[in-house]
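# An overview of the molecular structure
The residues making up each chain are set out below.
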Amino acid sequence: MLPVDLPDTVREALLAPLVDHHCNGVRRDELSRSQFELLIGDGGGPAPPGTTHFDTPFGAAVRRWCAPVLGLAPHVTPSVYLSRRAELGACEVNRRLLRAAGVAAFLVDTGPESGELLSAAEMGRHADAAADEIVRIEQIEHDVAEMARIAVDYLDSLAEELVARAARAVGMNTVIAHRCGLDFDPSRPSRGSVIAAANRRLSDPKERLTDPVLLRHLLWTAVDVARERGLPLQFHTGAGDADVEPHRADPARMTGFIKALQPIGVPVVLLHCYPFHRQAAHLAALFPHVYVDVGQALARTAAGAWRIMDEVLELAPFHKQLFSSDCSGVAESCHLGAVYFRRSLGVALKPRVDAGEWTAADAARVAHMVGSGNARRIYRL
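In this report, the structure presented in the accompanying data block is examined. Model, not experiment: these values are computed from the prediction. For every chain, the first residue of the written sequence is number 1, and numbering continues from 1 onward in sequence order. For a predicted model such as this one, the threshold for reporting local features is a pLDDT of at least 70, and the threshold for listing and counting side-chain atom pairs is 80 or more; totals across whole chains, interfaces and linings nevertheless cover every residue. The basis for every side-chain value is the complete set of heavy atoms in the structure, and neither hydrogens nor water enter the calculation.

### Describing the pattern of salt bridges
Take a side-chain nitrogen of Lys or Arg and a carboxyl oxygen of Asp or Glu: if they are within 4 Å of each other, that pair is a salt bridge. Going through the model one piece at a time under the given rule, you end up with 22 salt bridges. Residues Asp29 and Arg27 are paired through a salt bridge, measuring 2.8 Å at the closest nitrogen-oxygen approach. Each residue gets one of three labels from its accessible area relative to the maximum for its type: buried under 20%, exposed over 50%, partly exposed in between, using a 1.4 Å probe on protein chains only. Using a relative accessible area of 14% as the deciding quantity, one classes Arg27 as buried. Asp224 is the salt-bridge partner of Arg188, the closest N and O atoms lying 2.7 Å from each other. On the criterion of sequence distance, the pair formed by Arg188 in the loop between β4 (169-174) and α9 (191-202) and Asp224 in helix α10 (residues 212-229) is long-range, its members being 36 residues apart. A cluster of three or more residues bridged by salt bridges with shared partners is formed by Arg27, Asp29 and Glu116. Put simply, DSSP marks the helices as runs of H or I at least four residues long and the strands as runs of E at least two long, and each gets a number from the N terminus on.

### Some details on the sheet that holds strand β7 (residues 290-292)
If you trace the seven strands from one edge of the open sheet to the other, you get β1-β2-β3-β4-β5-β6-β7, paired in parallel fashion. Two strands in the sheet have a free side with no partner beyond their single neighbour: β1 (18-23) and β7. Taken over all neighbouring pairs, the strand axes of this sheet differ in orientation by 25 degrees on average, direction set aside. Pairing geometry for strand β2 (residues 103-109) and strand β3 (residues 130-136), over five bridges, is parallel. Looking at β3, one finds that Ala105 is bridged to Ala130. Any two residues whose heavy atoms approach within 4.5 Å are treated as being in contact. A fitted line through C-alpha atoms represents every axis, and for helices the fit uses only the stretch in contact; the resulting angles, taken between N-to-C directions, go from 0 to 180 degrees. With respect to the sheet, helix α16 (residues 360-378) is in contact with β1, β2 and β7, its orientation differing from that of β1 by roughly 60 degrees. In short, DSSP must find at least two bridges between two strands for them to pair.

### What about the environment of Leu270?
Looking at the element boundaries, Leu270 is found in strand β6 (residues 268-271). Residue Leu270 is classed as buried on the basis of its relative accessible area of 0%. Sequence separation of Leu270 and Thr237 is 33 residues, and the distance between their C-alpha atoms is 6.5 Å.

### Quick notes on the nonpolar core
Tyr81, Phe106, Tyr154 and Met172 are the most contacted members of the largest nonpolar core, which has 123 residues in total. Counting 12 residues, the second-largest nonpolar core is a separate cluster that includes Val19, Ile134, Val269 and Leu322. Residues enter a nonpolar core if they are buried and are Ala, Val, Leu, Ile, Met, Phe, Trp, Tyr or Cys, with the set joined through side-chain atoms within 4.5 Å.

### Focus on the packing of aromatic side chains
Put simply, two rings from Phe, Tyr or Trp (the six-membered ring, in Trp's case) pair if the centres are within 6.5 Å, and we call them stacked under 30 degrees between planes, edge-to-face over 60, tilted for the rest. Under the criterion given, the structure shown has seven aromatic pairs. Centroid distance Phe184 to Phe257: 5.4 Å. Interplanar angle 65 degrees. Geometry classified as edge-to-face. Here the residue Phe184 occupies a position in the loop between β4 and α9, and Phe257 occupies one in helix α11 (residues 255-261), the gap between them amounting to 73 residues. Phe257 shares its class with Phe184; the two are buried. Each ring, one from Trp220 and one from Phe257, has its centre 5.3 Å from the other, and the planes form 70 degrees; the classification is edge-to-face. Here Trp220, found in helix α10, pairs with Phe257, found in helix α11; they are 37 residues apart in sequence, far enough to count as distant.

### Observations concerning unusual backbone geometry
Residue Pro275 is bonded to the preceding Tyr274 through a cis peptide linkage, with omega at 10 degrees. Counting through the fold element by element, Pro275 comes out in the loop between β6 and α12 (277-286). Positive phi values are uncommon outside glycine, yet His272 reaches one of about 70 degrees. You can see His272 is positioned in the loop between β6 and α12. Residue classification places His272 among the buried positions, given a relative accessible area of 5%. Phi is positive for Ala302, which is not a glycine, with a value near 55 degrees. Along the chain, Ala302 falls in the loop between α13 (297-301) and α14 (305-315).

### Brief notes about helix α5 (residues 90-100)
Within α5, the full set of buried residues consists of Ala90, Val93, Asn94, Leu97 and Leu98. Projected down its long axis, α5 carries its buried residues within an arc of 115 degrees, all on one side. Buried residues along α5 sit in contact with α3 (57-66), α4 (78-88), β2, α6 (120-127) and α15 (332-354). Gly102 sits one or two residues past α5 and shows a positive phi near 70 degrees. By definition, the arc is the one covered by directions from the helix axis to the C-beta atoms.

### Observations regarding a negative patch on the surface
Together, Asp153, Asp156, Glu160 and Glu161 make up a negatively charged patch on the protein surface. Mapped onto the elements of the fold, Glu160 is located in helix α8 (residues 151-166). Patch rule: a residue counts if its relative accessible area is over 30% and it has no salt bridge; like charges are joined within 9 Å, and nonpolar side chains (Val, Leu, Ile, Met, Phe, Trp, Tyr) within 5 Å. Calculation of accessible area relied on Shrake-Rupley with a 1.4 Å probe; when residues are assessed, cover is drawn exclusively from the protein chains displayed. In this count, Lys and Arg are taken as positive residues and Asp and Glu as negative ones, while His and the chain termini are left out. Charge positions are represented by NZ for Lys, CZ for Arg, CG for Asp and CD for Glu.

### Details of the pairing of β4
The buried fraction of β4 amounts to six of the six residues, a majority that puts the element mostly inside the structure. Where β3 meets β4, four bridges bridge the pair, whose relative direction is parallel. When the bridges of β4 are listed, Glu133 appears paired with Ala169.

### Observations regarding the packing of α8 against α10
Direction vectors running N to C along α8 and α10 enclose 40 degrees, while the axes themselves pass 10 Å from each other. In terms of axis orientation, α8 runs oblique to α10. Where α8 crosses over α10, the handedness of that crossing is right-handed. Judged by residue contacts, Tyr154, Leu155, Leu158, Ala159, Leu162, Val163 and Ala166 of α8 engage Leu214, His217, Leu218, Thr221, Ala222, Val225 and Arg229 from α10. When residue character is reported, Ala, Val, Leu, Ile, Met, Phe, Trp, Tyr, Cys and Pro are called nonpolar, Asp, Glu, Lys and Arg charged, and the others, Gly included, polar. Of the residues belonging to the contact of α8 with α10, the class tally is 11 nonpolar, two polar and one charged. If an angle is under 35 degrees, it is roughly parallel; if it is over 145, roughly antiparallel; if it lies from 65 to 115, roughly perpendicular; otherwise it is oblique. Take the far helix as your reference; a near helix turned counterclockwise from it by less than a right angle gives a left-handed crossing, and one turned clockwise gives a right-handed crossing.

### Thoughts on the side chain of Thr174
Residue position: Thr174 is located in strand β4. Thr174 sits in the buried class, given a relative accessible area of 1%. Pairing of N or O atoms within 3.5 Å defines a polar contact, subject to two protein rules: one partner must be a possible hydrogen donor and the other a possible acceptor, and residues neighboring in sequence count only if both atoms are side-chain atoms. Polar contacts involving the side chain of Thr174 include one to the main-chain amide nitrogen of Ile176, which spans 3.0 Å. Ignoring anything within four residues of it in the chain, the contact list for Thr174 reads Ile137, Glu138, Leu219, Gln234, Phe235 and His236.

Dropping the structure here:
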């Protein structure tokens, strides 16, 4: 699996079990070709007529690395791969691919709640791994908004539900980047402005929350809960929903908020980050409570992933970097996330060792930290 020659201690560290500190559930149902292609594409839509999402770095990686896990030769055609997938059935496909990832613990984002997705506990059982929840605060808000009748009830219930859900979780996360952008006002909103916004919200509670005032209130309420329980707060950044202006998901735009959180001591974990991974790595170097990963960017760029890993290693302290597959929809994304994390980190470590900049022990230690040790410390696993 590793593409370069490395000392045995470094190879062992790279191949050691990982902690996937941010992933989503995968589909439990059988998928048609069109459904599968929607899940492996970046934009959430079908490929143009006469083309396929298999003609992407991720699609090629599925054929190279996932096919053997399903008992096929590498590089089989998409039709052969999907026929084998259907033959095995979703349960067996999920079991094989999740276990092949070599993950010891999954921290599962429960935001995309759906009966079609495996729960955190099911992800753990399929992979023969531990599993814990990361609660998405916007999902909690949506549940509360649908039940509340008046603004005061909404505010009280929101705080209570955040406390209750956090008690069962190892972390919290937010998609505020994809709702109003990361260039939001970092201050706490006034109670009057929050009540006015809540009244507007309750007039149409089924819509997804995009009001900047309520999003800030939700975020600061989550900060209070995270501080009390000692939980990290994850931020989705970088590439995301197609209906969001991409530049507004640059984590550098939330520097004011990061500064405001520093005396509070809540760990801020910047997820995904690509193509803003250098900005995120710089923030991790500047602020003691900021951590970074590059998530799905490694699997999405596949053979080119080592460049991203190398740039993060150049800037971010090694104790600030984390592994996540950002697995979503199909178990292939989990397996490929782990494959390209190990491969890209191996390629990035080799020249440092060969040049005598690092010892083999240094490289092995960094691989252990980023692959699992940092996550175990930050999330208190």
